[in-house]
Amino acid sequence: MKKELLFTFLLAAAALALLAGNALVVQVLRSNLSSKPDFLSASLSPLQKGDRLERIETQGSWYLVRNARGAKGYIHQSAVTASKVTLGSIAPGPKGASPDELALAAKGFDEANEKKLRNSKGYNFSDLNWVMEQEVAVPALAQFIRDGRLK
Amino acid sequence: MKKLLLAAMCALLVSWKPPIDLGKVAKAKKGAELVAGASHKINEEEEYHIGRAVAANILGQYPLWKNGELTRYLNLIGRILALRSGRPEIYGGYHFAMLDAPEANAFSAPGGIIFLTRGIVAMAADEDELAAVLAHEIQHIVVKDPLKAIRSQRLKALGTFTAGEAVGSSSGAFGVFQDSIMDISGTLLQKGYSRGQEKDADLGALKLLAAAGYDPGALLDMLKKIQAVEKKKLKAFSAHPSAAKRIAYVGGNVAAADPALRRARAARFEKFAAGR
C-alpha cells in the first residue's frame, strides 16, 4: 500500500515537473479565452484572476493555452504570468509560500489599506465606483472600429 | 515499470523544492533587505489599489462630469487605443472619465484610470484629437510613469517589512500607502513628469494612434491649440512642458495620413460634441 502511494505521488510529481515550464496563471481580475489571437475575436470562456492555464505555444504576443477544463484558446501575454506552483505545495511537510510569492505579496498597497482611506477627507470613492462601472462590451467595440474605419 | 518509476524520481529530484517555512523566509528576507536596501517591487494588484486611491484623491479635488453617453464614447476610443498599446490587459481594465473643470488638462492614475477635463474635451475638434490626448495618457500607464513618482525611500521602507507587518494591519504600511498617494497626486496635479517622460509619452502616442488607425497628426493639432491657450496665459497642462517644445519634436515625427479617414468619424463626433 505504501509503495502504491509513493508511486502515485512520484507519477504526479513527474507530470507536474513536465508541465511546470508551461504553467501560467491569470494575473488580471478578468480576461477571456479567445478563439483567435485577437481581442475582438469570440470569447470561448471567461477567465478570472488565479485561473491556471497550460501554455501550448507562443504566437507573437499571444499564447495558445489550455484551461483546466481542457478547452484550447488564446490569451494575451499581458494577462498572465508564469505560475508560482511548485512541488512544495504537494510535498509532505509544512506548507508555505515560495520566496517569489513572498516578494510578490501585496505590501501595504492593498484593499485593507484602501478601505481605511474610504472615509477620509479628500477622497471620493463613490464617484470612482461610477467610473469603474463604465464598461464597453467587445461587440460594441468591434462595431465602433468598423464604423470609424479604425484598426 | 522500473524505468517509469526511475523517470518519475528523476523529475521529482530535478524540480522538487523543500517545503518552505513562511516565518523563516520572511525573517531571512527582512534581514537580507535591511542589508541590501532592497526596494519592494509593486505588482499588478498593488498598482490597481494605489491607482484607485490616487483616482479617488483626484475626484476629491475635481468634480466628476457624470454623463453616461459622453463617458461611453470616451471609453470606446480609449479601449481601442489601449488594446493596440504595449500593455493591453491591465489588472482592473482601463477606465476613462471626464472632470467638470474648465482648465485644459488630463491625468493618468496608476492601473489605467484616466481623466480628461471639460476644458481639454472642449478643445478637441474631432475624434482623432480626443484620441491623441488619450493616447498620450495611456503611454504613461504602459511604462508605469505614475508609479515612478513614488519616492524610493517608501519602497525601501516597504521592503524591510515582513509580510505580516505589511498586510493591512500595520500603521507603518498604511502611512507608506498614504505618502505614496501624495507623491503620485503631487506629480500628476502640480509637479509634473520629467521632460524625458513627457517626450516619450508623446512619441509613443504617435505610434499608438497610427496602430489604432487614428491620424497621428491630431496630436500636433492639439498641441498647437494648447500653445495658443498658453500664449493667452490661461491654465492649460500646467504640469507639462511647454507646447512649443512638444510641437518641435512631435512635428518632426508625424507622417501624413489620409484626411478622408479622419472625416469618416466626423458624424459620431458631432453627436458627442453636441453633448459637451
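Bear in mind the structure is a predicted one, so any value in this text is a computation, not a measurement.

Analysis parameters
- Residues numbered from 1 in each chain as written.
- Chains lettered and ligands numbered in written order.
- Predicted model: local features only at pLDDT ≥ 70, side-chain atom pairs only at ≥ 80, totals over all residues.
- Helix = DSSP H or I, 4+ residues; strand = E, 2+ residues; numbered from the N terminus.
- Buried ≥ 20, exposed ≤ 12 C-beta atoms within 10 Å, placed from the backbone.
- Core = buried A, V, L, I, M, F, W, Y, C linked by C-beta atoms within 7 Å.
- Contact = placed C-beta atoms within 7 Å.
- Pairing = 2+ DSSP bridges.
- Axes fitted to C-alpha atoms, helices over the stretch in contact; angles between N-to-C directions.
- pLDDT = per-residue confidence, 0-100.
- Parallel < 35°, antiparallel > 145°, perpendicular 65-115°, else oblique.
- Left-handed = near helix turned anticlockwise from the far one by under 90°.
- Nonpolar A, V, L, I, M, F, W, Y, C, P; charged D, E, K, R; others polar.

(A) A look at the overall build of chain A. When you go through chain A residue by residue, the secondary structure sums to five helices and seven strands. N-terminal to C-terminal, the α/β element order of chain A is α-β-β-β-β-β-β-β-α-α-α-α. When each of the 151 residues of chain A is scored for burial, the buried share is 25%.

(B) Representation of the overall build of chain B in the model. Summing up its helical and strand segments, chain B has 15 helices and three strands in all. A buried classification covers 47% of the 276 residues belonging to chain B.

(C) Up close: the nonpolar core. Residues and elements named next belong to chain B. Leu-81, Ala-131, Leu-134 and Leu-209 are the most contacted members of the largest nonpolar core, which totals 93 residues. Looking at this core, the element that brings in the most residues is helix α6 (residues 127-142), giving nine residues. Those residues in contact with Leu-134 that lie beyond four places of it in its chain are Ile-77, Gly-78, Leu-81, Phe-96 and Ile-114.

(D) Quick look at the sheet that holds strand β3 (residues 113-117) of chain B. All names here are of chain B. Taken in spatial order, the three strands make up an open sheet running β1-β3-β2, and their pairing is mixed. If you trace the sheet from one side to the other, it starts and ends with β1 (95-99) and β2 (106-109), each paired once. Between one strand axis and the next, the sheet turns by 20° as a mean value, whatever way the strands run. In this structure, β2 lies alongside β3, joined through four bridges in antiparallel fashion.

(E) Seen up close, the confidence of the model for chain B. Scored by pLDDT, chain B has a mean of 85; 81% of the residues are at 70 or more. With pLDDT under 50 throughout, residues 10-37 of chain B is counted as low confidence; its partners more than four residues away or in other chains account for 49 contacts.

(F) Examining the environment of B:Gly93 more closely. Looking at the element boundaries, B:Gly93 is found in the loop between α4 (68-83) and β1. Distance in space between the C-alpha atoms of B:Gly93 and B:Gly111 is 7.7 Å, their sequence separation being 18 residues.

(G) Highlighting the environment of A:Val131. Summarising the element assignment, A:Val131 is placed in helix α4 (residues 125-133). C-beta crowding within 10 Å serves as the criterion here: with 22 such atoms nearby, A:Val131 is assigned to the buried category. Along the backbone, A:Val131 and A:Tyr74 are 57 residues apart, and their C-alpha atoms lie at a distance of 29 Å. For A:Val131, the contacting residues outside a window of four places in its chain are B:His95, B:Ala97 and B:Ile113.

(H) Geometry of the pairing of β1(B). All names here are of chain B. Across the five residues that make up β1, a large majority, five, are buried. Across the two faces of β1 the burial is the same, with His-95, Ala-97 and Leu-99 and Phe-96 and Met-98 all buried. In this sheet, β3 lies alongside β1 in parallel orientation, the contact comprising five bridges. From the neighbouring strand, Ala-97 faces β3, where its bridge partner is Phe-115.

(I) Summary view of the packing of helix α12 (residues 217-231) of chain B against helix α13 (residues 243-251) of chain B. Residue and element names in this part refer to chain B. As a packed pair, α12 and α13 sit with axes 9 Å apart at the nearest point and diverge in direction by 160°. Looking at the two axes, α12 sits roughly antiparallel to α13. For the pair α12 and α13, the sense of crossing is left-handed. On the side of α12, the interface is formed by Leu-219, Leu-220, Leu-223, Lys-224, Ile-226, Gln-227 and Glu-230, while α13 contributes Ala-243, Ala-244, Arg-246, Ile-247, Val-250 and Gly-251. Grouping the constituent residues of the contact of α12 with α13 by class yields eight nonpolar, two polar and three charged.

(J) Main features of the pairing of strand β6 (residues 72-76) of chain A. All names here are of chain A. By the criterion of burial, β6 is predominantly enclosed, with four of the five residues buried. Of the strand pairs in this sheet, strand β5 (residues 62-66) and β6 are connected by five bridges, and their pairing is antiparallel. Bridged to Leu-64 within β6 is Tyr-74. Between the antiparallel neighbours β5 and β6 lie five residues, among them Gly-70 with a positive phi of about 90°.

(K) Geometry of the confidence of the model for chain A. Summarising the model, chain A shows a mean pLDDT of 82, and 72% of its residues fall at 70 or more. Long-range and interchain partners of residues 85-104 of chain A, a stretch whose pLDDT sits below 50, account for 41 contacts in this model, where long-range means more than four residues apart.

(L) Fine view of the environment of A:Ile56. All names here are of chain A. For Ile-56, the position within the fold is in strand β4 (residues 52-59). Take Ile-56: there are 14 C-beta atoms within 10 Å of it, and that puts it in the partly exposed class. Measuring from C-alpha to C-alpha, the distance between Ile-56 and Ser-43 comes to 18 Å, with 13 residues separating the pair along the chain.

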